[in-house]
Amino acid sequence: MATQVDMDKIVSLCKRRGFIFQSSEIYGGLGSAWDYGPLGVELKRNVKAAWWKSVVHGRDDVVGLDASILMHPETWRASGHTENFTDVLVDCKNCKKRFRKDHIDEKCPSCGKTDFTEGRAFNLMLKTFLGAVEDESSVAYLRPETAQGIFVNFNNVVNTTRKKLPFGIAQIGKSFRNEITPGNFTFRTREFEQMEVEYFTNPEDAKECHQQWIDERFNWYLEMGIKKENLQLRKHGDDELAHYAAGCTDVEYKFPFGWSELEGIANRTDFDLRQHSEFSGKDLKYHNTVTNEKFFPYIIEPSGGVDRATLAFIVDAYHEEQVKDNTRVVLRFSKELAPVKVAVLPLLKKNSDIVTKAKALRKELQKDFSCVYDDTAAIGKLYRRQDEVGTFFCVTVDVQSLEDQQVTVRSRDTMEQKRIPIERLKEYLQVEFSG
Ligand code: ATP
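Residues numbered from 1 in each chain as written. Predicted model: local features only at pLDDT ≥ 70, side-chain atom pairs only at ≥ 80, totals over all residues.

## Re the overall build of the chain
Heads up, the condition is: Only runs of H or I of at least four residues qualify as helices and only runs of E of at least two qualify as strands under DSSP, and these elements are numbered from the N terminus. Three exposure classes are used. Buried residues have 20 or more other C-beta atoms within 10 Å of their own C-beta, exposed residues have 12 or fewer, and partly exposed residues fall in between, all C-beta atoms being placed from the backbone. With C-beta atoms placed from the backbone, a contact is any residue pair whose C-beta atoms sit within 7 Å.
Each helix and strand counted, the chain has 13 helices and 23 strands in total. The burial tally for the chain puts 34% of its 435 residues in the buried class. Counting contacts in the chain only where the partners sit at least 6 residues apart, residues at least 24 apart contribute 63% of the total.

Here's what the structure looks like:
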């Protein structure tokens, strides 16, 4: 049965177990910035690796890129960000809090009054200066999306890979937006990570290709373990679309604070390459060498947030159940995403033979699996600790192991325990993880 979980529980578990800490906490924290702790960083790496495997290594038509965060300022004029990347903000005249106009209904979410200032446009790009002099000529922006790094490298990638349409370029990296109202933990922050594909296609195939990416990306979240009832697609209305987009559908997750966007999959038409050609004076048309035609490809863009996906995986994995008189908290991460795959636990930490054997076993297993060793509590408590962070298997070494060379393997989800000969343990785990 699905567990109803509130965000406070998630935030507190994340902090207590080392998934996510508030940034610069010892100084009182910085609003909207978060640090991934020892387990969080493993989880996030697994999310990115699974995405990369799915959209790059698992296909033969997508290649990767890692462009820099700082780009020529003309990039942002060409993309329209300098002029249009704005949210309308309003201030509540009563409590003086500031909101994004499209995020409030009539009443102030803070004090309930309805008296707001006129809306004014606020550019979300974070500005900085490059070099020693801070003047207009040294202005640069921290990129608000990774996509533009891909568009400006279009010719470089085509020329070096000789890719033919349709093909894509994928990138994972940090983006920055000076959000007016960050919040909901890591859901909306000013510094975040994106995972984006720009998929270039013939204009006449764009519609079909768009649908294929929508299906593929929706299914990826399911494959990674999100429950179907918590995932939905939402097609944008015409009034929501960017002026150049021919369509956009969001993958949404049912967070405790409501259905919210994990990823947008847009048909961006030929806008981006056309704009960059015009502003740079470089021809970014694709040359079809068979028909000898030159044209701007259409672009399908699945654009997801690493932090939002990671948060959704944590929330969705959270599970509480009653075991005898106790509540067992389990993070039911998928095999691919679980930050720790195997924990090796000695039943008696005072028995040096058991400890030596368990440590040797951990050393061997960590060659193939992300693995931890823990002897800082009694076995029941050790199991509960591992359940709470989603460790897939616990391997326990006991007195009997010293004689029969077997260990107990306990499954996180079923709590079932099996005796497995040490010499077959690796093979057993390999089969379990590949299934
Ligand atoms: P929203 O409407 O929630 O502000 P958006 O539609 O502006 O999001 P996009 O520009 O489509 O977002 O960005 C693509 C993805 O990048 C989003 O689906 C989201 O996962 C992630 N993302 C965007 N802004 C943020 C943010 N401030 N914090 C964390 N992730 C973000």
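## Considerations on the site of the ligand
This is how it is decided: As used in this record, a residue near a molecule or strand is one whose C-beta atom, placed from the backbone, is within 6 Å of it. Residues are grouped as follows: nonpolar covers Ala, Val, Leu, Ile, Met, Phe, Trp, Tyr, Cys and Pro; charged covers Asp, Glu, Lys and Arg; every other residue, Gly included, is treated as polar.
The environment of the ligand is made up of 16 residues, and the closest members are Phe192, Gly264, Ser303, Gly305 and Arg308. Mapped onto the shell around the ligand, the elements with two or more residues apiece are β10 (191-201), β13 (258-267), β16 (298-305) and α9 (306-317). Counting residues per element, the shell around the ligand draws most heavily on β13, which supplies 4 residues. In terms of residue class, the shell around the ligand is made up of 2 nonpolar, 6 polar and 8 charged.

## Some thoughts on the nonpolar core
Our working rule: Each nonpolar core consists of buried Ala, Val, Leu, Ile, Met, Phe, Trp, Tyr and Cys residues. Their C-beta atoms, within 7 Å, join them into a set. Residue ranges for the domains originate in an automatic or database domain assignment.
Ranked by internal contacts, the top residues of the largest apolar core, which has 83 residues, are Ala312, Phe313, Ile314, Val342, Val344 and Val395. Ranked by the residues each element gives to this core, the list is headed by α9, at 8 residues. When residues of this core are assigned to domains, at least three fall in each of domain 1 (38-72 + 142-315) and domain 2 (340-434). Residues in contact with Val395, not counting those within four places in the same chain, are Val342, Val344, Leu361, Val407, Val409 and Leu425.

## A short note on the sheet that holds strand β4 (residues 86-91)
Our working definition: Following DSSP output, two strands are said to pair if at least two bridges run between them. Lines fitted to C-alpha atoms define the axes here, with helix axes fitted over just the stretch in contact, and angles between the N-to-C directions of these axes take values from 0 to 180 degrees.
Strands sit in the order β5-β4-β6 across an open sheet of 3 strands; the sheet is antiparallel. Across the chains shown, the open sheet's two edge strands, defined by having one partner strand only, are β5 (98-100) and β6 (120-123). Ignoring which end each strand starts from, the neighbouring axes of this sheet average 45 degrees apart. Bridge count for β4 against β5 is 3 bridges, and the pairing is antiparallel. Residue pairing for β5: Val90 is matched across the bridge by Phe99.

## Details of the domain arrangement of the chain
Under the domain assignment used here, the chain contains domain 1 (38-72 + 142-315) and domain 2 (340-434). Just the C-alpha atoms count here: the centres of domain 1 and domain 2 sit 40 Å apart.

## A look at the pairing of strand β18 (residues 326-331)
Here strand β17 (residues 318-323) pairs with β18 via 6 bridges, running antiparallel. Each residue of the ladder has a partner; that of Val323, found in β18, is Asn326. The antiparallel hairpin formed by β17 and β18 contains 2 residues in its connecting segment, where Lys324 sits at a positive phi of about 50 degrees.

## Here we look at helix α11 (residues 379-389)
The set of residues buried in α11 consists of Leu382, Tyr383, Gln386, Asp387 and Val389. Buried residues belonging to α11 abut α2 (38-57), β18, β19 (342-346), β21 (393-397) and β22 (406-411). One or two positions beyond α11, positive phi appears at Gly390, with a value near 85 degrees.

## With respect to helix α8 (residues 271-280)
Put simply, the rule is: Within this analysis, the arc is defined by the directions that extend from the helix axis to the C-beta atoms.
Of all the residues in α8, the buried ones are Asp272, Leu273, Gln275 and His276. Down the axis of α8, the buried set is contained in an arc of 160 degrees. They therefore lie on one face. Each element contacted by the buried residues of α8 is listed here: α3 (74-79), α5 (147-151), α6 (154-161) and β16. Phi for Gly281, located one or two positions after α8, is positive at around 75 degrees.

## Here's the deal with the environment of Asp91
The residue Asp91 is located in strand β4 in this model. According to the C-beta neighbour criterion, Asp91 is partly exposed, with 17 such atoms within 10 Å. Placed 65 residues apart in sequence, Asp91 and Ile26 show a C-alpha to C-alpha distance of 30 Å. Apart from the residues within four sequence positions on either side, Asp91 is in contact with Lys96, Arg98, Phe116 and Thr117.

## Some points on the packing of α2 against α9
We apply this condition: Here roughly perpendicular refers to angles of 65 to 115 degrees, roughly parallel to angles under 35, roughly antiparallel to angles over 145, and oblique to all remaining angles. Helix crossings fall into two classes, left-handed where the near helix is turned counterclockwise from the far one by less than a right angle and right-handed where it is turned clockwise.
Taken N-terminus to C-terminus, the directions of α2 and α9 make an angle of 110 degrees; their axes are 10 Å apart at the nearest point. In terms of orientation, α2 lies roughly perpendicular with respect to α9. Handedness of the crossing formed by α2 with α9: right-handed. Across the interface between the two elements, Leu43, Lys44, Val47 and Lys48 of α2 pack against Val306, Ala309, Thr310 and Phe313 of α9. A class-by-class count of the residues in the contact of α2 with α9 yields 5 nonpolar, 1 polar and 2 charged.

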